[in-house]
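Notes for the structure review
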Amino acid sequence: MKSSPANPLAPFVDLYRHRTLLEQFTRRTIEQRHRGSFLGLLWAVIAPLLQLGIYSLVFGYFFKGKFGQIPNETGVDYALAVFLGLILFQFLSEVMALTPTTIVTQPNFVKKVVFPLEVLPAAVVGAAGFNALISLVLALIGTALLGHGVHLAAFWLVLILPPVALIALGCAWFLAALGVFIRDIANAMPFVVQALLYMSAVFFPVSWIPATKWGTLLRLNPMLQAVESARRAVVWHLPVAGKSIAYLWVAGLLICLFGYVSFRKLKPAFADVI
């Protein structure tokens, strides 16, 4: 029995139905990224460690950056906050960079009528999530060893991470479908990702955003809410606004459903274009 695209549960029903296939393609995507390298999957650990070291040195030691959210904030605190924000942002940006070509580079699956193409973009999200989780564990270890320790507030991540994954999943489906018809999408993604980086307040405090019409629109960016909530909970041990979490979940569910419906609507025309 096929699920209707208009059903809010349809994306999750489809993913659960094809969970074995999704696991296989996620594993394949992870292995392809590190295939041929000498260290292999170790790069998933080494790369974020190098990032954390560079941010601590550059932002913490040389530029002495500050978010100004806690007293006696050190450069390491700033670097950890930036690193945590970048983990969430890079998870989404990796998905946005790779999914526009996910369908067009695998035409053999498009020609198979019974193959669930929805799995291909979802596998990219799964592989990016695998790397993000490793980086997140390292961020927590860094906070425990170099920062102010891991507080119970870090459990807010249980409510922050799932909607970020929903946002990534919705973007993956939408961009994968759009990339079949507009091949320039893949070339435009680096510029879109760069703009989104600064719109997500990864390197500066949200308080810097002016209370203007454009500032209000900027605050509607769900990734800004995710980044701010995560570093408040993990690095600064500050309370997280319930309305920010609620907004993040609503945005995540809507974006996920929109991407899924768009993919399902455009899917019948994939074979004609490719």
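Quick caveat: nothing in here was measured; it's all calculated off a predicted structure.

**As for the overall build of the protein**
Along the protein, the regular secondary structure elements total twelve helices and zero strands. Reading the helices (α) and strands (β) of the protein from amino to carboxyl end gives α-α-α-α-α-α-α-α-α-α-α-α. The C-alpha atoms of the protein give a radius of gyration of 19 Å, which matches the 19 Å a tight globule of 274 residues would have. Projecting the C-alpha coordinates of the protein onto the three principal axes gives extents of approximately 60 × 50 × 35 Å. Looking at the protein residue by residue over its 274 residues, the buried ones come to 49%. A fraction of 78% describes how many contacts in the protein between residues 6 or more apart in sequence connect residues 24 or more apart. With the model as given, the accessible surface of the protein reaches about 13,900 Å², and the carbon-plus-sulfur share is 70%.

**Looking at the environment of A186**
Within the secondary structure layout, A186 lies in helix α8 (residues 184-199). Residue classification places A186 among the partly exposed positions, given a relative accessible area of 22%. Residues A186 and G53, 133 residues apart in the sequence, show an inter-C-alpha distance of 31 Å. The residues contacting A186, other than those within four sequence positions of it, are P100 and T101.

**A few points about the packing of aromatic side chains**
Throughout the structure, instances matching the rule amount to ten aromatic pairs. Plain terms: the ring middles of F174 and F258 are 5.4 Å apart, the flat faces sit at 40° to each other, and that makes the pair tilted. Of this pair, F174 sits in helix α7 (residues 157-181) while F258 sits in helix α11 (residues 242-266), placing them 84 residues apart in sequence. Site record: aromatic cluster; members linked through ring pairs are F25, F109 and F115.

**Points about unusual backbone geometry**
Apart from glycine, the bulk of residues carry a negative phi angle, and the bulk of peptide bonds sit in the trans form. Unlike most non-glycine residues, N72 shows phi in positive territory, near 55°. Inspection of the secondary structure assignment puts N72 in the loop between α3 (43-62) and α4 (75-98). Residue N72 is classed as exposed on the basis of its relative accessible area, which comes to 70%.

**Thoughts on the pattern of salt bridges**
By the definition in use, this model includes six salt bridges. One salt bridge connects R27 with E23, and the closest N-O pair in it is separated by 2.8 Å. Residue R27 and its partner E23 are both found in helix α2 (residues 19-34); the two are separated by four residues, about one turn of the helix. E23 sits in the partly exposed class, given a relative accessible area of 47%. As a salt-bridge pair, E118 and K267 come within 3.2 Å of each other at their nearest N and O atoms. Of this pair, E118 sits in the loop between α5 (107-110) and α6 (119-146) while K267 sits in the loop between α11 and α12 (270-273); the two residues are 149 residues apart in sequence, bridging distant segments of the chain. What you see here is one network of salt bridges that share partners, running through D14, R17, E118, R264 and K267.

**A few points about α8**
When the terminal C-alpha atoms of α8 are compared, their 23 Å separation across 16 residues agrees well with the 22 Å that a helix rising 1.5 Å per residue should span. For α8, the principal kink sits at P190 and spans about 35°. Within α8, burial applies to I185, M189, V193, L196 and L197. Looking at the buried positions of α8, the neighbouring elements they touch are α4 and α7. Once α8 finishes, A201 follows within two positions and takes phi at roughly 55°, a positive value.

**Looking at the nonpolar core**
Counting 75 residues, the largest nonpolar core has F91, L92, I103, L117, F263 and F270 as the members making the most contacts within it. No other element matches the 15 residues that α4 contributes to this core. Apart from the residues within four sequence positions on either side, F263 is in contact with I103, L117, E118, P121, W173, A176, A177 and F270. Of all hydrophobic cores here, the second largest spans five residues; its members include A201, F204, V206 and I209.

**Quick look at the confidence of the model for the protein**
For the protein, per-residue confidence averages 88 on the pLDDT scale, and 93% of positions sit at 70 or higher. Mean pLDDT across the elements of the protein bottoms out in α3 (73) and peaks in α7 (97).

**Considerations on the side chain of E228**
The topology assignment puts E228 in helix α10 (residues 222-234). Excluding residues that lie within four positions of it along the chain, E228 makes contacts with V206 and W236.

Rules used throughout
- Residues numbered from 1 in each chain as written.
- Predicted model: local features only at pLDDT ≥ 70, side-chain atom pairs only at ≥ 80, totals over all residues.
- Heavy atoms only, no water.
- Helix = DSSP H or I, 4+ residues; strand = E, 2+ residues; numbered from the N terminus.
- Rg over C-alpha atoms; globule rule 2.2 N^0.38 Å.
- Buried < 20%, exposed > 50% of the residue type's maximum accessible area, 1.4 Å probe, protein only.
- Contact = heavy atoms within 4.5 Å.
- Areas by Shrake-Rupley, 256 points an atom, 1.4 Å probe, with all protein chains shown as cover.
- Phe/Tyr/Trp six-rings, centres within 6.5 Å; stacked < 30°, edge-to-face > 60°.
- Salt bridge = Lys/Arg side-chain N within 4 Å of Asp/Glu carboxyl O.
- Expected span 1.5 Å × (residues − 1).
- Bend = angle between axes of the 7 residues up to and from the residue.
- Core = buried A, V, L, I, M, F, W, Y, C linked by side-chain atoms within 4.5 Å.
- pLDDT = per-residue confidence, 0-100.

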